[in-house]
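Residue strings, one per chain:
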Amino acid sequence: MVSPLLANIYLHHVLDQWFTQVVQGRLKGRSLLVRYADDAVLAFDDFRDGQRVLAVLGKRMGRYALKLHPQKTGFIDFRFKRPRGRHPLATGTSFSFLGFTQVWGRSRQNKPVVQQVTAKDRFARALRAASDWCRANRHRGFREQHQYLSRVIQGHCAYFGITGNDRRIRWFHHQVIRIWMKWLRRRGRQGHLTWPRLRKMLKRYPLPPARIVHQYAVS
């Protein structure tokens, strides 16, 4: 396993330069490579171009004692309209990259746009971490728990709060409160805690709202 820092240096030669200097000149259509550390997405206008590159990509990695992750490597038919359904050789119609699932949607002007929503595994992992903390620290005071969960929500929004992902971050905010309520009720003296009482407490000590932090125009 190569660390992300070393991968960023190593893959610049193994993948980036190879793709731009050798591969792209041999393709029929337009192509694009986006990479962050050891995660990369290669996009092609022509389906056959994608097949050809995927066929040699593993060999290219093997020359440098690297290999593609079998669960994270896929051939995606990422088109807005698929009148005949998904291409038979494709493994899916959407993909996840850096914690976001890329899907097609429509803008306010009803134009097709690519939207990024929190990937299901990252969403579940974040909620599980919040639940584990609340369970292990349910003996702590309300204010201390409030401060920690406030940082959790702020951190989540700082990364996942992008245009088009507002529904997912609002749902994360809602689920964090439900998890908190669950573990507060399991404290000896708090078993009778009700939702009206918790809402009053949250009025006095409100959690940060779920908000979009990174905005970009969608035409």
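So, how was this worked out
- Residue indices follow the written sequence of each chain, beginning from 1 at its first position.
- In keeping with the predicted nature of the model, local features appear solely for residues at pLDDT of at least 70, side-chain atom pairs appear and are counted solely at 80 or more, and the whole-chain, interface and lining totals rest on all residues.
- The basis for every side-chain value is the complete set of non-hydrogen atoms in the structure, without hydrogens or water.
- Where each domain begins and ends follows an automated or database-derived domain assignment.
- A strand pair is defined by DSSP finding two or more bridges across the two strands.
- The helix count covers DSSP runs of H or I at least four residues long, the strand count covers runs of E at least two residues long, and both are numbered beginning at the N terminus.
- The convention used is that axes are lines fitted to C-alpha atoms, helices contributing only their stretch in contact, and that angles between N-to-C directions extend from 0 to 180 degrees.
- Only buried residues count toward a nonpolar core, which is a set of Ala, Val, Leu, Ile, Met, Phe, Trp, Tyr and Cys residues joined through side-chain atoms within 4.5 Å.
- Classification of residues uses two cut-offs on accessible area relative to the type maximum, computed with a 1.4 Å probe and protein chains only: under 20% is buried, over 50% is exposed, and between them is partly exposed.
- A pairing counts as a salt bridge when a side-chain nitrogen of Lys or Arg comes within 4 Å of a carboxyl oxygen of Asp or Glu.
- Here a helix's expected span is defined as the number of its residues, less one, multiplied by 1.5 Å.

### Concerning the domain arrangement of the protein
Item 1. Assigned domains within the protein: domain 1 (2-93) and domain 2 (120-204).
Item 2. The distance between the C-alpha centroids of domain 1 and domain 2 comes to 38 Å.

### Quick word on the sheet that holds strand S4 (residues 100-106)
Item 1. Strand order across the open sheet formed by three strands is S3-S4-S5, with antiparallel pairing between neighbours. In this open sheet, the two strands that pair with only one neighbour each are strand S3 (95-97) and strand S5 (112-118). When the angles between neighbouring strand axes are averaged without regard to direction, this sheet yields 45 degrees.
Item 2. The pairing of S4 with S5 spans seven bridges and is antiparallel. Residue Thr101 lies in a different strand from S5, and its bridge partner there is Val117.

### Notes on the nonpolar core
Item 1. Among the nonpolar cores identified, the biggest contains 25 residues, and Cys134, Trp180, Leu198 and Leu207 are the most heavily contacted of them.
Item 2. Elements with a contribution of two residues or more to this core: helix H3 (120-136), helix H4 (142-160), helix H5 (166-185) and helix H6 (195-204).
Item 3. With nine residues, the top contributor of residues to this core is H5.
Item 4. Listed in part, the 14 residues of the second largest apolar core include Ala7, Val14, Leu27 and Val53.

### Focus: the pattern of salt bridges
Item 1. Taken as a whole and assessed by the stated rule, the structure comprises eight salt bridges.
Item 2. Arg79 is the partner of Asp77 in a salt bridge, and the nearest nitrogen-oxygen pair spans 2.7 Å.
Item 3. The partner of Asp132 in a salt bridge is Arg135, and the shortest N-O contact between them spans 3.2 Å. One end of the pair is Asp132 and the other is Arg135, both in helix H3 and three residues apart, which spans about a single turn.
Item 4. Overall, the relative accessible area of 34% leaves Asp132 in the partly exposed class.
Item 5. Looking at Arg135, the relative accessible area reads 38%, which means it is partly exposed.

### Comments concerning H5
Item 1. With 20 residues, H5 should cover 28 Å at 1.5 Å per step; its first-to-last C-alpha distance of 29 Å lies within 8% of that length.
Item 2. Along H5, the positions that sit buried rather than exposed are Ile169, Phe172, His173, Gln175, Val176, Ile177, Ile179, Trp180, Met181, Trp183 and Leu184.

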